[in-house]
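One-letter residues, chain by chain:
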Amino acid sequence: MSATLRPREAIAALASWPDEIRLRRKDTEPWHFVNIEITRSGLDMTRDCSHNNCVVAKITDFRKLWRDGNASRRARREALLFLVHFVGDLHEPLHCADNHDRGGNNLHVAFFGEVMTLHKVWDADLLNRLGAEDALFRTLSRAITPDKRTEWSAGTIEDWAGESFRAAKDVVYGDLPDTPHGGIPQLGEAYERAADPVVEQQIEKAGVRLAAILNETP
Ligand SMILES: [Zn+2]
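With that settled, consider the coordination of the zinc ion. The zinc ion binds to the protein through His32 (ND1), His85 (NE2) and Asp89 (OD), with metal-donor distances spanning 2.0 to 2.2 Å. Donor residues for the zinc ion sit on one chain with the sequence pattern H-x52-H-x3-D. Of this pair, histidine 32 sits in the loop between α2 (17-20) and α3 (45-48) while aspartate 89 sits in helix α5 (residues 73-90), and the two are 57 residues apart along the sequence. When its relative accessible area of 0% is taken as the criterion, histidine 32 is described as buried. Overall, aspartate 89 belongs to the buried group, its relative accessible area being 11%.

Before going further, it helps to spend a moment on the pattern of salt bridges. A side chain with one charge may pair with a side chain of the opposite charge, provided their charged atoms come close. In this structure the tally under the stated criterion is 13 salt bridges. Residues glutamate 216 and arginine 63 are paired through a salt bridge, measuring 2.9 Å at the closest nitrogen-oxygen approach. In this pair, glutamate 216 is assigned in the segment after α10 (189-214) and arginine 63 in helix α4 (residues 55-67), connecting sequence segments 153 residues apart. Its relative accessible area of 19% is what places arginine 63 among the buried residues. Linking glutamate 216 and arginine 67 is a salt bridge whose minimum nitrogen-to-oxygen distance equals 3.5 Å. Residue glutamate 216 is located in the segment after α10, and its partner arginine 67 is located in helix α4; the two are separated by 149 residues in the primary sequence. The exposure class assigned to arginine 67 is partly exposed, which follows from its relative accessible area of 36%. Three or more residues are tied together by salt bridges with common partners; here these are Asp19, Arg22 and Glu29.

Definitions and cut-offs
Residues numbered from 1 in each chain as written. Predicted model: local features only at pLDDT ≥ 70, side-chain atom pairs only at ≥ 80, totals over all residues. Heavy atoms only, no water. Donors = N, O, S within 2.8 Å, 3.2 Å for Na, K, Ca; no water. Helix = DSSP H or I, 4+ residues; strand = E, 2+ residues; numbered from the N terminus. Buried < 20%, exposed > 50% of the residue type's maximum accessible area, 1.4 Å probe, protein only. Salt bridge = Lys/Arg side-chain N within 4 Å of Asp/Glu carboxyl O.

Here it is, written out as C-alpha cells:
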C-alpha cells in the first residue's frame, strides 16, 4: 500500500477525496450508493445496479484494479482512494436503501430538536454524538474478536450491501416514530438507542472488510 501513497499521506485524510470530485466528475456520482427500494426483500443487481453503475459494482471493479500488478501506480492509487471511501459508503445503511426519498435525502426529521435530513442523521450526526472519531475507532477496533473478523471478511460485496439494506429496513426506517402525515418525525433518545449499535457494528464491519480487501496485494 505504501507504494501508492506519497510520503506522509494518511489514508484517513484522503477518504473524502471521492466526495470532492463528485461535481467535477459527474460520471462518479452514482458510484456512492445503490438504491434498493425499502419494500424489496434485498439486492437484485440486475434491477438495482443497471449498467454496473453503483457502489457494489464499483467496489468490485476497484478491488480488481487494486490487485492488478500490471496496473499503473496512478490507477492503483485511485483505486485505493475509491475503495477506502466506497467501502465506508456501502456500510452506511442509507447508501443501500431508498424509500422514494433519495436515500433519506428528501426526508426531514428533527434529531434532538434540530431539523435535518434523515440521510444526514446517519451520515454524520449519530456518529458525531458517539464522541471523538479517533477514540471511538480505537475502542471499536479493540472490540473485534478474531471470530468476528473471520465471519465479517467472508461473503460477497453483494452480501454486505444486503446487510446494510436490512439495517435500513429494520432500524433506519423501521424505528421511525409514527408521524401524522406532513409532520416531521421527532427523533431522540429512543431512536438513538436503537441506532447506535447499528452505527458501531457497521463501522467495525467496514474496517474489517476494507482491511481484507487492501491486504489482497498483487
Ligand atoms: Zn460517498
